[in-house]
Amino acid sequence: NPNLGTPGSAKAMIITPGANPPNIDELLASANYKYGKYLNINHFGSLTNDRSLMDILKILSKFFNAYPQAKKYIRFNIFGGRLDKNSRHWLSKSQYSENVIEYGRLEYDPVTGLTGREQIALKMQKSDVLLLLHGSTEWCREYIPSKVYDYFWTNRPIWGLIYNNTQLQSLLTKRNSYISNVQDDQSIINSLKKIYFQWHSQTLHFQNTPAISVKNSVDKILKEVL
C-alpha cells in the first residue's frame, strides 16, 4: 500500500489483467488460417449506438468510390450480437447491405459439442482481421474492451478504431495492429486501404507479442512484491 501521506514516497504500478482462452487447444491447432475469396473483417460482441459499426459504414461510399473493385470482396461479419440501430437504419437505405453479415449469438452446437464461446474462438482464429470498435464517448479514455484479451490469444491481425486511449493504443501498437482514430475519417479510410491491399497481396500484419495471460499478470505482481 502506498504511503500517500508522505510526499515522494508513494509507489504504484499498473497491471493489465489477463484472460485464459477456451480449453480447445487441439481444435485451435488444427484451425489453420487460409486466405480466401473474401476479406473477412470480423467483429465479436455487442454493438450500441455509442459503439457502432457506423464508425466504418460512414466512410464506405468514399472508400468504394476510390477503390470500386474492393466492394465485391470486403465483408464485415458481426458475431455474438446484433447490429446497432443506427447501423441497421443506415444499411437499409444503402447499397452496401451485402458487405455486412449478421450471425447473431452462437449457442451450443449438439453436433460438434462446442459451446458458443468455443465456436467464437475458432471463428476468431479463422478471421482475416479482427475488428475492435472502441466507441466514441469520453469514458472511452479509461475503458479497454474485454474482447481485447480474447483477440490477443488468436495471433490474428487486429484493426482498432480508438478514441483517445493511450494505453489501449499502446497495447495494440505492440501487437503490430492496424489503428485508426475514430474521430478521423481519413484515418479509417487509410487503415481499410492498407488492410485491403495487404489482404490482396497476402501480407496482412500478424500479432508479434504474446497474449496477456492470468499467469504473466500474477507473475508481474509477485515480482513487485518480492
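For the structure itself, consult the block above.
Just so it is clear, the structure is predicted and the values come from calculations on it, not from any experiment.

Student: What am I meant to see in the packing of aromatic side chains here?
Tutor: To describe a pair of aromatic rings, you give the distance between the ring centres and the angle between the ring planes. Across all of its chains, the model carries 13 aromatic pairs by this definition. Ring centres of Tyr33 and Tyr35 lie 5.1 Å apart, and the angle between their planes is 75°; this geometry places the pair in the edge-to-face category. Accessibility expressed as a relative area gives 18% for Tyr33, which makes it buried. Assessed through its relative accessible area of 23%, Tyr35 is described here as partly exposed. With 6.1 Å between their ring centres and 15° between their planes, Trp90 and Tyr96 make a pair best called stacked.

Student: What's the story with a nonpolar patch on the surface in this structure? I'm lost.
Tutor: A contiguous nonpolar patch, built from Val214, Val218, Leu222 and Leu226 and spanning about 400 Å² of accessible area, is present on the exposed surface. As for its position among the elements, Val214 is in helix 8 (residues 214-225). Take Val214: its relative accessible area is 37%, and that puts it in the partly exposed class.

Thresholds, definitions, all that
Residues numbered from 1 in each chain as written. Predicted model: local features only at pLDDT ≥ 70, side-chain atom pairs only at ≥ 80, totals over all residues. Heavy atoms only, no water. Phe/Tyr/Trp six-rings, centres within 6.5 Å; stacked < 30°, edge-to-face > 60°. Buried < 20%, exposed > 50% of the residue type's maximum accessible area, 1.4 Å probe, protein only. Patch = residues over 30% accessible without salt bridge, like charges linked within 9 Å, V, L, I, M, F, W, Y side chains within 5 Å. Areas by Shrake-Rupley, 256 points an atom, 1.4 Å probe, with all protein chains shown as cover. Salt bridge = Lys/Arg side-chain N within 4 Å of Asp/Glu carboxyl O. Helix = DSSP H or I, 4+ residues; strand = E, 2+ residues; numbered from the N terminus.

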